[in-house]
Amino acid sequence: ETRLTYSELDALSDHYAVALELAGVGSGDVVPVVMKRSPELVGLLLAVLKRGAAYSAMDPQWPAERLAALVARLRARLVVTGASGPWPVPAWAPPGYDPAAPARRPSPARAGAEDPCMILFTSGSSGAPKGVVAAHRGVARLYDACDWMPAGPGVTMPQVSASSWDGFVVDCWGPLLTGGTTVLVDDQVLLPAALSELRDKHGVNVVFLTPSLFNMLVDEGVQSFAGIQTILIGGERASSAHARRFLEHHPAARLVNLYGPTECGVLVSAHDVSLPDCAAADGIPLGRAVPYTGIHVLDGSRVCDVGEAGEICLTGAGLAIGYLDDAEATARRFVDVEVDGIRRRMYRTGDLGHWSGDRRLCFDGRSDLQVQVQGYRVEPAEIELAAARVAGVAMPTVVPLRRNGEIEALALFYTSQQAKVSEADLRAELARQLPAYLVPGRIRRMDRLPVLANGKLDRQLLEMIIAGTAGAAAEPAAPSSEA
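The rules behind each value
- Residues numbered from 1 in each chain as written.
- Predicted model: local features only at pLDDT ≥ 70, side-chain atom pairs only at ≥ 80, totals over all residues.
- Heavy atoms only, no water.
- Phe/Tyr/Trp six-rings, centres within 6.5 Å; stacked < 30°, edge-to-face > 60°.
- Buried < 20%, exposed > 50% of the residue type's maximum accessible area, 1.4 Å probe, protein only.
- Helix = DSSP H or I, 4+ residues; strand = E, 2+ residues; numbered from the N terminus.
- Core = buried A, V, L, I, M, F, W, Y, C linked by side-chain atoms within 4.5 Å.
- Contact = heavy atoms within 4.5 Å.
- Pairing = 2+ DSSP bridges.

Summed over the entire model, instances satisfying the criterion amount to eight aromatic pairs. Judged by centre distance (5.6 Å) and plane angle (85°), the rings of Phe168 and Trp173 are edge-to-face. Using a relative accessible area of 2% as the deciding quantity, one classes Phe168 as buried. Residue Trp173 is classed as buried on the basis of its relative accessible area of 7%. On the basis of an interplanar angle of 65° and a centroid distance of 5.8 Å, the ring pair of Tyr323 and Phe334 is categorised as edge-to-face. Residue Tyr323 is found in strand S17 (residues 322–323), and its partner Phe334 is found in strand S18 (residues 334–339); the two are separated by 11 residues along the sequence. No difference in accessibility class separates Tyr323 from Phe334, as the two residues are buried. Aromatic rings pair up to connect Phe214, Phe225 and Phe246 into one cluster.

Attention shifts here to the nonpolar core. Within the largest apolar cluster, 71 residues are counted, with the highest numbers of intra-cluster contacts made by Tyr55, Val80, Trp148, Leu232 and Leu426. Look past the residues within four positions of Val80 in its chain and what remains in contact with it is Leu20, Val31, Pro32, Val33, Val34, Met35, Leu44, Trp92 and Pro94. Ranked by size, the runner-up nonpolar core spans 28 residues in total, among them Val160, Leu195, Leu213 and Leu255.

Further remarks concern the pairing of strand S16 (residues 310–316). Along any regular strand, the residues point their side chains to alternate faces of the sheet. Counting buried residues along S16, six of its seven residues qualify, which places the element largely inside the surrounding structure. The pairing of strand S14 (residues 293–299) with S16 spans six bridges and is antiparallel. Within S16, the residue paired with Thr293 across the bridge is Gly316. As paired strands, S16 and strand S19 (residues 342–355) are joined by four bridges and run antiparallel to one another. Bridge pairing links Glu311 to Leu352 in S19.

Below, the structure written as C-alpha coordinates:
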(Lines give C-alpha, C1' and ligand atoms only; values in the text may rest on other atoms or scores of the structure.)
Protein backbone atom coordinates (compact mmCIF):
# COMPACT_ATOMS: atom_id res chain seq x y z
CA GLU A 1 0.00 0.00 0.00
CA THR A 2 3.03 2.31 -0.08
CA ARG A 3 2.83 4.83 -2.93
CA LEU A 4 5.80 6.83 -4.20
CA THR A 5 5.83 9.60 -6.78
CA TYR A 6 8.82 10.04 -9.05
CA SER A 7 10.08 12.95 -6.95
CA GLU A 8 9.72 10.89 -3.75
CA LEU A 9 11.61 7.97 -5.29
CA ASP A 10 14.31 10.38 -6.47
CA ALA A 11 14.65 11.82 -2.95
CA LEU A 12 14.78 8.33 -1.40
CA SER A 13 17.52 7.23 -3.80
CA ASP A 14 19.43 10.49 -3.13
CA HIS A 15 19.30 9.70 0.60
CA TYR A 16 20.79 6.25 -0.01
CA ALA A 17 23.33 7.60 -2.53
CA VAL A 18 24.66 10.09 0.03
CA ALA A 19 25.08 7.28 2.55
CA LEU A 20 26.82 5.07 -0.04
CA GLU A 21 29.13 7.96 -0.88
CA LEU A 22 30.09 8.26 2.79
CA ALA A 23 30.77 4.51 2.76
CA GLY A 24 33.26 5.03 -0.09
CA VAL A 25 31.19 3.77 -3.05
CA GLY A 26 32.02 5.55 -6.29
CA SER A 27 32.56 5.23 -10.03
CA GLY A 28 33.79 1.83 -11.13
CA ASP A 29 32.68 -0.01 -7.99
CA VAL A 30 30.36 -3.02 -7.97
CA VAL A 31 27.79 -3.20 -5.18
CA PRO A 32 26.04 -6.51 -4.38
CA VAL A 33 22.48 -5.94 -3.13
CA VAL A 34 20.74 -8.76 -1.25
CA MET A 35 17.23 -7.53 -0.43
CA LYS A 36 13.60 -8.54 -0.89
CA ARG A 37 11.35 -6.75 -3.38
CA SER A 38 10.34 -3.38 -1.92
CA PRO A 39 10.34 0.35 -2.75
CA GLU A 40 13.57 0.56 -0.73
CA LEU A 41 15.20 -1.98 -3.07
CA VAL A 42 14.35 0.13 -6.12
CA GLY A 43 15.67 3.24 -4.36
CA LEU A 44 18.90 1.47 -3.45
CA LEU A 45 19.54 0.21 -6.97
CA LEU A 46 19.04 3.75 -8.28
CA ALA A 47 21.38 5.04 -5.56
CA VAL A 48 24.13 2.67 -6.68
CA LEU A 49 23.75 3.94 -10.25
CA LYS A 50 23.81 7.55 -9.03
CA ARG A 51 27.21 6.82 -7.51
CA GLY A 52 28.51 5.77 -10.94
CA ALA A 53 28.73 2.17 -9.70
CA ALA A 54 27.16 -1.05 -10.96
CA TYR A 55 24.81 -3.21 -8.91
CA SER A 56 24.48 -6.97 -8.70
CA ALA A 57 21.08 -7.87 -7.26
CA MET A 58 20.87 -11.27 -5.56
CA ASP A 59 17.94 -13.24 -4.17
CA PRO A 60 18.00 -13.47 -0.34
CA GLN A 61 16.54 -16.97 -0.69
CA TRP A 62 19.64 -18.30 -2.44
CA PRO A 63 21.80 -20.58 -0.25
CA ALA A 64 24.07 -18.59 2.09
CA GLU A 65 27.23 -20.23 0.75
CA ARG A 66 26.33 -19.31 -2.82
CA LEU A 67 25.60 -15.71 -1.87
CA ALA A 68 28.88 -15.37 0.00
CA ALA A 69 30.83 -16.89 -2.91
CA LEU A 70 29.26 -14.51 -5.45
CA VAL A 71 29.88 -11.47 -3.25
CA ALA A 72 33.53 -12.51 -2.95
CA ARG A 73 33.83 -12.78 -6.75
CA LEU A 74 32.64 -9.19 -7.15
CA ARG A 75 35.49 -7.89 -4.95
CA ALA A 76 33.07 -5.32 -3.51
CA ARG A 77 33.88 -3.01 -0.60
CA LEU A 78 30.51 -3.83 1.02
CA VAL A 79 27.28 -5.80 0.53
CA VAL A 80 23.95 -4.01 0.88
CA THR A 81 21.73 -6.21 3.00
CA GLY A 82 19.77 -6.38 6.20
CA ALA A 83 20.41 -10.10 6.54
CA SER A 84 23.10 -11.69 8.63
CA GLY A 85 25.40 -14.19 7.01
CA PRO A 86 28.99 -15.27 6.43
CA TRP A 87 29.68 -12.23 4.25
CA PRO A 88 33.28 -11.87 3.01
CA VAL A 89 32.95 -8.05 3.14
CA PRO A 90 31.22 -5.68 5.59
CA ALA A 91 27.42 -5.80 5.52
CA TRP A 92 25.86 -2.37 4.98
CA ALA A 93 22.26 -1.94 6.13
CA PRO A 94 20.29 0.85 4.41
CA PRO A 95 19.89 3.85 6.76
CA GLY A 96 16.46 4.98 7.92
CA TYR A 97 14.76 7.67 5.90
CA ASP A 98 12.66 10.63 7.06
CA PRO A 99 10.94 12.35 4.11
CA ALA A 100 10.55 15.48 6.24
CA ALA A 101 14.28 15.84 6.86
CA PRO A 102 16.27 18.37 4.77
CA ALA A 103 17.08 16.87 1.39
CA ARG A 104 20.70 16.11 0.50
CA ARG A 105 22.09 15.24 -2.90
CA PRO A 106 25.12 13.06 -3.56
CA SER A 107 28.19 14.45 -5.27
CA PRO A 108 28.17 14.07 -9.06
CA ALA A 109 29.58 10.72 -10.21
CA ARG A 110 30.83 9.81 -13.64
CA ALA A 111 29.31 7.00 -15.71
CA GLY A 112 28.93 6.67 -19.46
CA ALA A 113 27.05 4.49 -21.90
CA GLU A 114 29.94 2.00 -22.10
CA ASP A 115 30.32 1.64 -18.33
CA PRO A 116 28.82 -1.27 -16.33
CA CYS A 117 25.40 -0.72 -14.78
CA MET A 118 24.68 -4.24 -13.49
CA ILE A 119 26.12 -7.73 -13.22
CA LEU A 120 23.70 -10.63 -13.63
CA PHE A 121 24.68 -14.17 -12.70
CA THR A 122 23.47 -16.95 -14.98
CA SER A 123 23.92 -20.71 -14.88
CA GLY A 124 27.40 -21.77 -16.01
CA SER A 125 28.52 -24.95 -17.74
CA SER A 126 31.78 -24.91 -15.73
CA GLY A 127 29.84 -25.48 -12.51
CA ALA A 128 30.14 -21.86 -11.37
CA PRO A 129 27.63 -19.13 -12.29
CA LYS A 130 28.69 -16.78 -15.07
CA GLY A 131 28.62 -13.06 -14.30
CA VAL A 132 27.36 -11.06 -17.28
CA VAL A 133 28.59 -7.45 -17.12
CA ALA A 134 25.91 -5.28 -18.74
CA ALA A 135 26.48 -1.68 -19.88
CA HIS A 136 24.15 1.30 -19.49
CA ARG A 137 23.64 1.44 -23.27
CA GLY A 138 22.22 -2.11 -23.23
CA VAL A 139 19.27 -1.10 -21.05
CA ALA A 140 18.77 2.47 -22.27
CA ARG A 141 18.49 1.39 -25.93
CA LEU A 142 15.32 -0.59 -25.19
CA TYR A 143 13.30 2.46 -24.23
CA ASP A 144 14.54 4.93 -26.84
CA ALA A 145 12.02 4.82 -29.71
CA CYS A 146 10.34 1.94 -27.88
CA ASP A 147 7.69 0.23 -30.01
CA TRP A 148 7.73 -3.33 -28.71
CA MET A 149 5.71 -2.47 -25.58
CA PRO A 150 3.38 0.34 -24.55
CA ALA A 151 5.37 3.12 -22.90
CA GLY A 152 4.62 6.37 -21.13
CA PRO A 153 2.23 7.76 -18.53
CA GLY A 154 -0.84 5.56 -18.17
CA VAL A 155 1.09 2.29 -18.44
CA THR A 156 0.86 0.30 -15.19
CA MET A 157 2.83 -2.96 -14.85
CA PRO A 158 3.15 -5.44 -11.99
CA GLN A 159 6.76 -6.07 -11.00
CA VAL A 160 6.98 -9.86 -10.63
CA SER A 161 10.46 -10.68 -11.97
CA ALA A 162 13.20 -11.41 -9.45
CA SER A 163 15.67 -8.52 -9.26
CA SER A 164 18.44 -11.06 -9.90
CA TRP A 165 16.87 -11.99 -13.27
CA ASP A 166 17.18 -9.92 -16.43
CA GLY A 167 13.38 -9.73 -16.70
CA PHE A 168 13.60 -7.05 -13.98
CA VAL A 169 14.79 -4.70 -16.74
CA VAL A 170 11.38 -5.10 -18.42
CA ASP A 171 8.86 -4.93 -15.58
CA CYS A 172 10.69 -2.53 -13.23
CA TRP A 173 13.00 -0.27 -15.24
CA GLY A 174 10.69 -0.38 -18.28
CA PRO A 175 7.82 1.60 -16.71
CA LEU A 176 10.12 3.81 -14.61
CA LEU A 177 12.28 4.86 -17.59
CA THR A 178 9.22 5.84 -19.63
CA GLY A 179 6.93 7.59 -17.14
CA GLY A 180 4.71 4.67 -16.23
CA THR A 181 3.81 3.03 -12.93
CA THR A 182 5.40 -0.06 -11.40
CA VAL A 183 3.33 -2.09 -8.93
CA LEU A 184 5.49 -4.25 -6.64
CA VAL A 185 3.84 -7.62 -6.09
CA ASP A 186 4.25 -9.35 -2.73
CA ASP A 187 3.36 -12.84 -3.99
CA GLN A 188 6.09 -15.13 -5.29
CA VAL A 189 3.72 -16.49 -7.96
CA LEU A 190 1.06 -14.43 -9.71
CA LEU A 191 -2.26 -16.31 -9.46
CA PRO A 192 -5.43 -15.50 -11.45
CA ALA A 193 -7.20 -13.86 -8.49
CA ALA A 194 -4.14 -11.69 -7.80
CA LEU A 195 -3.96 -10.59 -11.45
CA SER A 196 -7.62 -9.59 -11.39
CA GLU A 197 -7.10 -7.66 -8.17
CA LEU A 198 -4.09 -5.83 -9.62
CA ARG A 199 -6.22 -4.78 -12.58
CA ASP A 200 -9.22 -3.68 -10.49
CA LYS A 201 -7.38 -2.06 -7.58
CA HIS A 202 -4.27 -0.60 -9.21
CA GLY A 203 -5.19 -0.24 -12.87
CA VAL A 204 -2.66 -2.77 -14.19
CA ASN A 205 -2.94 -2.86 -17.98
CA VAL A 206 0.38 -4.35 -19.14
CA VAL A 207 2.04 -7.52 -17.77
CA PHE A 208 5.32 -9.32 -18.44
CA LEU A 209 5.30 -13.06 -17.74
CA THR A 210 7.45 -16.08 -18.44
CA PRO A 211 5.64 -18.51 -20.75
CA SER A 212 5.43 -20.99 -17.83
CA LEU A 213 3.53 -18.46 -15.73
CA PHE A 214 1.44 -17.32 -18.71
CA ASN A 215 0.50 -20.94 -19.47
CA MET A 216 -0.54 -21.54 -15.86
CA LEU A 217 -2.73 -18.42 -15.81
CA VAL A 218 -4.34 -19.44 -19.11
CA ASP A 219 -5.04 -22.94 -17.75
CA GLU A 220 -6.26 -21.85 -14.33
CA GLY A 221 -8.16 -18.68 -15.18
CA VAL A 222 -7.92 -17.27 -18.69
CA GLN A 223 -10.65 -14.74 -17.83
CA SER A 224 -8.31 -13.11 -15.30
CA PHE A 225 -6.64 -11.39 -18.29
CA ALA A 226 -9.82 -9.43 -19.06
CA GLY A 227 -9.02 -5.73 -19.27
CA ILE A 228 -5.25 -6.28 -19.64
CA GLN A 229 -4.31 -4.50 -22.86
CA THR A 230 -0.85 -5.98 -23.50
CA ILE A 231 0.74 -9.24 -22.35
CA LEU A 232 4.48 -9.64 -22.90
CA ILE A 233 5.91 -13.16 -22.66
CA GLY A 234 9.58 -14.11 -22.77
CA GLY A 235 12.35 -16.20 -21.27
CA GLU A 236 11.23 -19.55 -22.69
CA ARG A 237 9.73 -20.95 -25.88
CA ALA A 238 6.12 -19.85 -26.26
CA SER A 239 3.34 -22.46 -26.28
CA SER A 240 1.20 -22.24 -29.41
CA ALA A 241 -1.72 -23.98 -27.71
CA HIS A 242 -1.83 -21.53 -24.81
CA ALA A 243 -1.36 -18.52 -27.07
CA ARG A 244 -4.28 -19.69 -29.23
CA ARG A 245 -6.56 -20.18 -26.22
CA PHE A 246 -5.66 -16.75 -24.89
CA LEU A 247 -6.29 -14.98 -28.22
CA GLU A 248 -9.60 -16.77 -28.69
CA HIS A 249 -10.77 -15.49 -25.29
CA HIS A 250 -9.22 -11.99 -25.64
CA PRO A 251 -9.10 -11.09 -29.34
CA ALA A 252 -8.64 -7.37 -28.62
CA ALA A 253 -5.58 -7.86 -26.41
CA ARG A 254 -2.00 -7.58 -27.67
CA LEU A 255 0.19 -10.65 -27.04
CA VAL A 256 3.90 -10.03 -27.67
CA ASN A 257 6.53 -12.78 -27.80
CA LEU A 258 9.95 -11.48 -26.67
CA TYR A 259 13.36 -13.08 -27.23
CA GLY A 260 16.84 -12.22 -26.07
CA PRO A 261 19.73 -13.49 -23.95
CA THR A 262 21.19 -11.76 -20.90
CA GLU A 263 24.38 -11.15 -22.90
CA CYS A 264 22.55 -8.82 -25.28
CA GLY A 265 20.61 -6.46 -23.05
CA VAL A 266 17.81 -8.90 -22.19
CA LEU A 267 15.82 -8.37 -25.39
CA VAL A 268 16.65 -8.42 -29.10
CA SER A 269 13.38 -9.22 -30.89
CA ALA A 270 9.62 -8.94 -30.48
CA HIS A 271 6.62 -10.36 -32.31
CA ASP A 272 2.91 -9.57 -32.03
CA VAL A 273 1.29 -13.00 -31.92
CA SER A 274 -1.73 -13.73 -34.15
CA LEU A 275 -3.99 -16.78 -34.39
CA PRO A 276 -2.32 -17.92 -37.66
CA ASP A 277 1.04 -17.91 -35.79
CA CYS A 278 -0.38 -20.49 -33.39
CA ALA A 279 -0.82 -22.95 -36.27
CA ALA A 280 2.61 -22.38 -37.84
CA ALA A 281 4.76 -25.48 -38.19
CA ASP A 282 7.82 -23.53 -36.98
CA GLY A 283 6.06 -22.39 -33.81
CA ILE A 284 5.44 -18.81 -32.76
CA PRO A 285 8.05 -16.54 -34.39
CA LEU A 286 10.63 -14.63 -32.34
CA GLY A 287 9.96 -11.67 -34.59
CA ARG A 288 12.01 -8.72 -35.74
CA ALA A 289 14.83 -6.80 -34.07
CA VAL A 290 14.12 -4.07 -31.54
CA PRO A 291 15.88 -0.70 -32.09
CA TYR A 292 19.70 -0.50 -31.97
CA THR A 293 19.98 -4.28 -32.42
CA GLY A 294 21.27 -6.48 -35.22
CA ILE A 295 20.20 -10.11 -35.68
CA HIS A 296 22.16 -12.42 -37.97
CA VAL A 297 21.63 -16.10 -38.81
CA LEU A 298 25.02 -17.53 -39.71
CA ASP A 299 26.50 -20.82 -40.83
CA GLY A 300 30.04 -20.22 -39.61
CA SER A 301 30.64 -16.75 -41.07
CA ARG A 302 28.26 -17.25 -44.00
CA VAL A 303 24.93 -15.41 -43.91
CA CYS A 304 22.04 -17.87 -44.18
CA ASP A 305 19.29 -17.42 -46.73
CA VAL A 306 15.58 -17.39 -45.91
CA GLY A 307 14.53 -20.77 -44.52
CA GLU A 308 18.12 -21.90 -44.00
CA ALA A 309 19.00 -22.88 -40.42
CA GLY A 310 22.03 -21.47 -38.64
CA GLU A 311 23.22 -19.98 -35.38
CA ILE A 312 21.52 -16.81 -34.14
CA CYS A 313 24.20 -14.14 -33.64
CA LEU A 314 23.63 -10.64 -32.29
CA THR A 315 25.17 -7.20 -32.72
CA GLY A 316 24.36 -3.69 -31.59
CA ALA A 317 24.22 -1.52 -28.48
CA GLY A 318 22.74 -4.29 -26.35
CA LEU A 319 25.89 -6.42 -26.26
CA ALA A 320 27.31 -6.95 -22.79
CA ILE A 321 30.85 -5.88 -21.94
CA GLY A 322 31.66 -9.54 -21.33
CA TYR A 323 31.86 -12.13 -18.56
CA LEU A 324 33.16 -11.19 -15.12
CA ASP A 325 36.84 -12.18 -14.81
CA ASP A 326 36.57 -14.73 -17.64
CA ALA A 327 38.48 -13.50 -20.66
CA GLU A 328 38.45 -16.96 -22.24
CA ALA A 329 34.66 -17.32 -22.18
CA THR A 330 34.26 -13.72 -23.33
CA ALA A 331 36.55 -14.29 -26.30
CA ARG A 332 34.73 -17.52 -27.17
CA ARG A 333 31.20 -16.06 -27.20
CA PHE A 334 31.86 -12.41 -28.14
CA VAL A 335 33.65 -12.58 -31.48
CA ASP A 336 34.56 -10.26 -34.34
CA VAL A 337 32.94 -11.42 -37.56
CA GLU A 338 32.86 -9.79 -40.98
CA VAL A 339 29.28 -9.63 -42.29
CA ASP A 340 28.36 -7.83 -45.51
CA GLY A 341 31.87 -6.41 -45.69
CA ILE A 342 31.70 -4.88 -42.22
CA ARG A 343 33.58 -6.28 -39.24
CA ARG A 344 31.34 -6.34 -36.17
CA ARG A 345 31.53 -7.43 -32.55
CA MET A 346 29.00 -10.20 -32.26
CA TYR A 347 27.55 -12.48 -29.56
CA ARG A 348 27.13 -16.13 -30.50
CA THR A 349 23.97 -17.26 -28.71
CA GLY A 350 24.18 -21.01 -29.31
CA ASP A 351 20.51 -20.78 -30.35
CA LEU A 352 19.58 -22.12 -33.76
CA GLY A 353 17.08 -20.38 -35.99
CA HIS A 354 16.06 -19.29 -39.46
CA TRP A 355 14.33 -16.41 -41.25
CA SER A 356 10.77 -16.94 -42.43
CA GLY A 357 9.64 -15.75 -45.83
CA ASP A 358 8.51 -12.43 -44.34
CA ARG A 359 11.88 -11.98 -42.56
CA ARG A 360 10.76 -12.91 -39.08
CA LEU A 361 13.17 -14.83 -36.87
CA CYS A 362 12.11 -18.39 -35.96
CA PHE A 363 13.62 -20.60 -33.24
CA ASP A 364 14.94 -24.08 -34.10
CA GLY A 365 16.49 -25.22 -30.80
CA ARG A 366 19.93 -25.25 -29.20
CA SER A 367 23.35 -26.28 -30.43
CA ASP A 368 24.17 -27.54 -26.91
CA LEU A 369 22.34 -28.91 -23.84
CA GLN A 370 21.32 -25.54 -22.37
CA VAL A 371 17.60 -25.21 -21.58
CA GLN A 372 15.19 -22.54 -20.34
CA VAL A 373 13.14 -23.40 -17.25
CA GLN A 374 10.66 -20.96 -15.67
CA GLY A 375 12.38 -18.16 -17.57
CA TYR A 376 15.83 -19.02 -16.21
CA ARG A 377 18.66 -20.17 -18.43
CA VAL A 378 19.99 -23.45 -17.08
CA GLU A 379 23.22 -25.27 -17.92
CA PRO A 380 22.66 -28.94 -16.93
CA ALA A 381 26.41 -29.23 -16.30
CA GLU A 382 26.16 -26.87 -13.32
CA ILE A 383 23.60 -29.15 -11.63
CA GLU A 384 25.52 -32.30 -12.58
CA LEU A 385 28.75 -30.95 -11.09
CA ALA A 386 26.95 -29.99 -7.86
CA ALA A 387 25.52 -33.52 -7.60
CA ALA A 388 28.91 -35.08 -8.36
CA ARG A 389 30.35 -33.32 -5.31
CA VAL A 390 28.05 -35.40 -3.08
CA ALA A 391 29.92 -38.46 -1.79
CA GLY A 392 28.47 -41.68 -3.21
CA VAL A 393 26.79 -40.10 -6.24
CA ALA A 394 27.99 -41.28 -9.66
CA MET A 395 27.07 -40.38 -13.24
CA PRO A 396 24.65 -37.54 -12.42
CA THR A 397 22.76 -36.66 -15.60
CA VAL A 398 20.17 -33.91 -16.04
CA VAL A 399 17.52 -34.07 -18.76
CA PRO A 400 14.42 -31.95 -19.40
CA LEU A 401 10.92 -33.26 -18.73
CA ARG A 402 8.85 -32.27 -21.76
CA ARG A 403 5.07 -32.12 -22.06
CA ASN A 404 3.55 -31.43 -25.48
CA GLY A 405 6.95 -30.28 -26.71
CA GLU A 406 7.42 -27.76 -23.88
CA ILE A 407 9.97 -28.12 -21.05
CA GLU A 408 7.98 -28.54 -17.84
CA ALA A 409 10.79 -29.26 -15.37
CA LEU A 410 14.22 -30.89 -15.01
CA ALA A 411 15.00 -34.45 -13.98
CA LEU A 412 18.23 -35.76 -12.47
CA PHE A 413 19.29 -39.40 -12.87
CA TYR A 414 22.23 -40.87 -10.97
CA THR A 415 23.73 -44.12 -9.73
CA SER A 416 24.85 -44.90 -6.21
CA GLN A 417 26.02 -48.46 -5.90
CA GLN A 418 27.73 -48.53 -2.51
CA ALA A 419 26.90 -45.48 -0.41
CA LYS A 420 23.31 -45.64 -1.68
CA VAL A 421 22.62 -41.94 -1.43
CA SER A 422 18.84 -41.58 -1.30
CA GLU A 423 16.92 -39.30 -3.59
CA ALA A 424 15.73 -37.27 -0.60
CA ASP A 425 19.27 -36.81 0.72
CA LEU A 426 20.55 -35.73 -2.69
CA ARG A 427 17.70 -33.24 -3.06
CA ALA A 428 18.49 -31.75 0.35
CA GLU A 429 22.18 -31.39 -0.53
CA LEU A 430 21.41 -29.75 -3.88
CA ALA A 431 19.04 -27.33 -2.14
CA ARG A 432 21.92 -26.38 0.14
CA GLN A 433 24.19 -25.63 -2.82
CA LEU A 434 21.86 -24.24 -5.49
CA PRO A 435 19.01 -21.75 -5.95
CA ALA A 436 15.57 -23.34 -6.01
CA TYR A 437 15.20 -22.98 -9.80
CA LEU A 438 18.30 -25.17 -10.31
CA VAL A 439 17.09 -28.03 -8.08
CA PRO A 440 15.51 -30.64 -10.41
CA GLY A 441 11.82 -31.26 -9.98
CA ARG A 442 12.44 -35.01 -10.20
CA ILE A 443 15.42 -36.96 -8.91
CA ARG A 444 15.80 -40.67 -9.61
CA ARG A 445 18.44 -43.20 -8.62
CA MET A 446 19.06 -46.11 -11.01
CA ASP A 447 21.25 -49.18 -10.91
CA ARG A 448 22.72 -48.14 -14.26
CA LEU A 449 22.11 -45.49 -16.85
CA PRO A 450 21.34 -46.37 -20.50
CA VAL A 451 24.10 -45.92 -23.05
CA LEU A 452 24.22 -45.87 -26.84
CA ALA A 453 26.28 -48.22 -28.98
CA ASN A 454 29.15 -45.69 -28.96
CA GLY A 455 29.20 -45.74 -25.15
CA LYS A 456 27.67 -42.30 -24.69
CA LEU A 457 24.71 -41.73 -22.39
CA ASP A 458 21.35 -42.16 -24.07
CA ARG A 459 19.83 -38.84 -23.01
CA GLN A 460 16.86 -39.27 -25.33
CA LEU A 461 15.90 -42.53 -23.60
CA LEU A 462 16.25 -40.85 -20.20
CA GLU A 463 13.85 -38.15 -21.38
CA MET A 464 11.42 -40.85 -22.47
CA ILE A 465 11.76 -42.66 -19.14
CA ILE A 466 11.01 -39.60 -17.05
CA ALA A 467 8.12 -38.67 -19.34
CA GLY A 468 6.71 -42.21 -19.04
CA THR A 469 6.86 -42.89 -22.78
CA ALA A 470 9.60 -45.56 -22.74
CA GLY A 471 8.50 -49.17 -22.75
CA ALA A 472 9.49 -51.38 -19.83
CA ALA A 473 11.86 -53.36 -22.05
CA ALA A 474 13.74 -50.22 -22.99
CA GLU A 475 14.32 -49.09 -19.41
CA PRO A 476 17.39 -50.29 -17.52
CA ALA A 477 17.01 -52.15 -14.26
CA ALA A 478 14.86 -50.28 -11.77
CA PRO A 479 16.29 -48.93 -8.52
CA SER A 480 16.52 -51.30 -5.61
CA SER A 481 13.67 -51.36 -3.10
CA GLU A 482 15.95 -49.64 -0.57
CA ALA A 483 15.93 -46.51 -2.76
